[in-house]
Amino acid sequence: MTVVALGPVGCRSDGDGSGDDGTGGAGATTPTTAPLVAATSTGEQTINPGYRQGVASLPDGGWIFSGTTVLARTDEVLEQQVADTTAVPDQFLPDGYNHVGDVDVADGVLYVPLEQPEYQRDEQVMACFDPETLTYQDSQTVAQRHNSFIAVEGDLAYSMKGFSGDQILVYRVGDSCTFEPLEPLQMSARIDRVQGADVADGALWLATDDAERALYRVDLETGAVAPIGAMSDVADEGEGEGIDATPRPQGLLHVVNIVDTLDVRLEHFEVSEVG
């Protein structure tokens, strides 16, 4: 099979750099609950620099990665199987869509957040793709300023209106790639510069591009926020990105970390109770 070479492309999904959540403010992250669990790094792997936005596990042990305009599927040892370097469907290009965020796979559907940079439009797109062929299937416009990630569990999907904020948007997902807005989940604290999320064990696990590249757990019942750790390699020119939460031999959490332009890594974390 031909392997598509994926070169480095623009990666930062931070808009004007303000971290604005659409409410006019941008403050420091101040979690209000002590961590109940801790994430400990179990190692990291260097990955194709084109895989620099998001990550999702496949049932067969493989992975889906996203880049700024890239979708790629690999096997369990990160050998590329299929890739599309122009993954934003042509129909969205006239409206300025030029960015793919942190993806998720659930019930045989690859969920892909598509983003355009005119954030004041309060309009982004959630799209559905085939996880095997990476072909576009359908989509719906959603009222979000930004679209860093989508995380899906059952018939519920989670995202955020901005890169920073104290609410998680919740949608009811329909069979035809429809997204019905539900009551948002109020978090106990604001989290800044969220770039990825995934659901596991009754929680939403968040990866950020804050100064520490911090990781957080958000309880989906109560909204309680707990800091749980951080990515190991932090550089001013780098960026924390997407996250997958799937039990694997390397641990529960798997995070994309751009250390610098050509150095992109997938870091694995085991999660254990503390205290």
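Relevant structure appears above.
The sections below set out a description of the structure shown in this document. None of these values were measured; they are calculated from a predicted model.

In this structure, the largest pocket spans a volume of roughly 290 Å³. Surrounding the largest pocket, 18 residues form its lining, Ser 57, Pro 59, Val 105, Ala 106 and Thr 246 being those nearest its centre. Class assignment for the residues of the lining of the largest pocket results in eight nonpolar, three polar and seven charged. By volume, the second largest pocket amounts to about 160 Å³. Every element with two or more residues in the lining of the second largest pocket is listed here: strand 8 (109-115) and strand 10 (136-142). Split into classes, the residues belonging to the lining of the second largest pocket amount to seven nonpolar, four polar and four charged.

Here we come to the sheet that holds strand 21 (residues 251-260). Two orientations exist for strands paired in a sheet by backbone hydrogen bonds: parallel and antiparallel. Reading across from one edge, 1-22-21-20 is the order of the four strands in this open sheet, with antiparallel pairing throughout. Since the sheet does not close on itself, it has two edges, and those belong to strand 1 (37-47) and strand 20 (239-248), each with one partner. Shown here is a sheet whose adjacent strand axes are inclined to one another by a mean of 25°, direction ignored. Pairing of strand 20 with strand 21, which is carried by six bridges, proceeds in the antiparallel orientation. Bridging from a neighbouring strand, Arg 248 pairs with Gly 251 of strand 21.

With respect to the helices, strands and loops of the structure, Asp 192 is situated in the loop between strand 15 (185-191) and strand 16 (194-200). Look at Asp 192 and you get buried, because its relative accessible area is 13%. Taking the C-alpha atoms as reference points, Asp 192 and Thr 208, 16 residues apart in sequence, are found 7.1 Å from one another. In this structure the side chain of Asp 192 is engaged in a polar contact, spanning 3.5 Å, whose partner is the side chain of Ser 164.

This part is about the nonpolar core. Of all hydrophobic cores here, the largest spans 19 residues; its most connected members are Ile 191, Leu 204, Leu 206 and Val 218. Secondary-structure elements contributing two or more residues to this core are strand 13 (165-173), strand 15, strand 16, strand 17 (203-208) and strand 18 (214-219). Looking at which element gives the most residues to this core, the answer is strand 15, with four residues. Here Leu 204 is in contact with Ala 151, Tyr 158, Ile 168, Ala 197, Asp 198, Val 199, Tyr 216, Arg 217, Val 218 and Leu 220, once residues within four sequence places are set aside.

This brings us to the state of the cysteines. A full pass over the atoms with the stated rule returns one disulfide. What pairs with Cys 128 in a disulfide is Cys 177, and their sulfur atoms sit 2.1 Å apart. Disulfide Cys 128 to Cys 177: torsion about the S-S bond roughly 95°, handedness right-handed. Of this pair, Cys 128 sits in strand 9 (residues 124-129) while Cys 177 is found in the loop between strand 13 and strand 14 (179-181), placing the two residues 49 residues apart along the sequence. Look at Cys 128 and you get buried, because its relative accessible area is 4%.

As a further point, take the environment of Phe 163. With respect to the helices and strands, the residue Phe 163 is situated in the loop between strand 12 (156-159) and strand 13. For Phe 163, a relative accessible area of 3% gives the class buried. When the C-alpha atoms of Phe 163 and Gln 195 are compared, they prove to be 7.0 Å apart, with 32 residues separating the residues in sequence.

Judged by pairing direction, the sheet is antiparallel, and its four strands sit side by side in the order 2-3-4-5 without closing on themselves. A single partner strand is all that each edge strand has here, and the edge strands are strand 2 (54-57) and strand 5 (80-84). Averaged over all pairs of adjacent strands, the angle between strand axes in this sheet comes to 15°, irrespective of strand direction. With four bridges joining them, strand 3 (residues 63-66) and strand 4 (residues 71-74) adopt antiparallel strand pairing. The partner of Phe 65 across the bridge, within strand 4, is Ala 72.

In this structure, Glu 115 sits in strand 8. This buried residue, Glu 115, is left without a salt bridge; Arg 145 holds the nearest opposite charge, at 9.6 Å. Looking at Glu 115, its side chain comes within polar contact range of the main-chain nitrogen of Asn 147, at 2.5 Å.

Next up on the list: the pattern of salt bridges. With the rule as written, the count across this model stands at twelve salt bridges. In this structure, Arg 121 engages Glu 118 in a salt bridge whose closest nitrogen and oxygen atoms are separated by 3.7 Å. Classification of Glu 118 by relative accessible area gives partly exposed; the value is 39%. Two residues, Asp 219 and Arg 217, come together in a salt bridge whose shortest N-O distance is 3.7 Å. For Asp 219, a relative accessible area of 18% puts it in the buried group.

What counts, and where the lines are drawn
- Residues numbered from 1 in each chain as written.
- Predicted model: local features only at pLDDT ≥ 70, side-chain atom pairs only at ≥ 80, totals over all residues.
- Heavy atoms only, no water.
- 1 Å grid on protein atoms, 1.4 Å probe; cavity = no way out; pocket = protein on both sides within 12 Å on 5 of 7 lines; lining within 4 Å.
- Points joined across faces, edges and corners; volume = space filled by probe spheres on them.
- Nonpolar A, V, L, I, M, F, W, Y, C, P; charged D, E, K, R; others polar.
- Helix = DSSP H or I, 4+ residues; strand = E, 2+ residues; numbered from the N terminus.
- Pairing = 2+ DSSP bridges.
- Axes fitted to C-alpha atoms, helices over the stretch in contact; angles between N-to-C directions.
- Buried < 20%, exposed > 50% of the residue type's maximum accessible area, 1.4 Å probe, protein only.
- Polar contact = N/O pair within 3.5 Å; in protein donor to acceptor, adjacent residues only side chain to side chain.
- Core = buried A, V, L, I, M, F, W, Y, C linked by side-chain atoms within 4.5 Å.
- Contact = heavy atoms within 4.5 Å.
- Disulfide = S-S within 2.5 Å.
- Lys, Arg positive; Asp, Glu negative; His and termini not counted.
- Salt bridge = Lys/Arg side-chain N within 4 Å of Asp/Glu carboxyl O.

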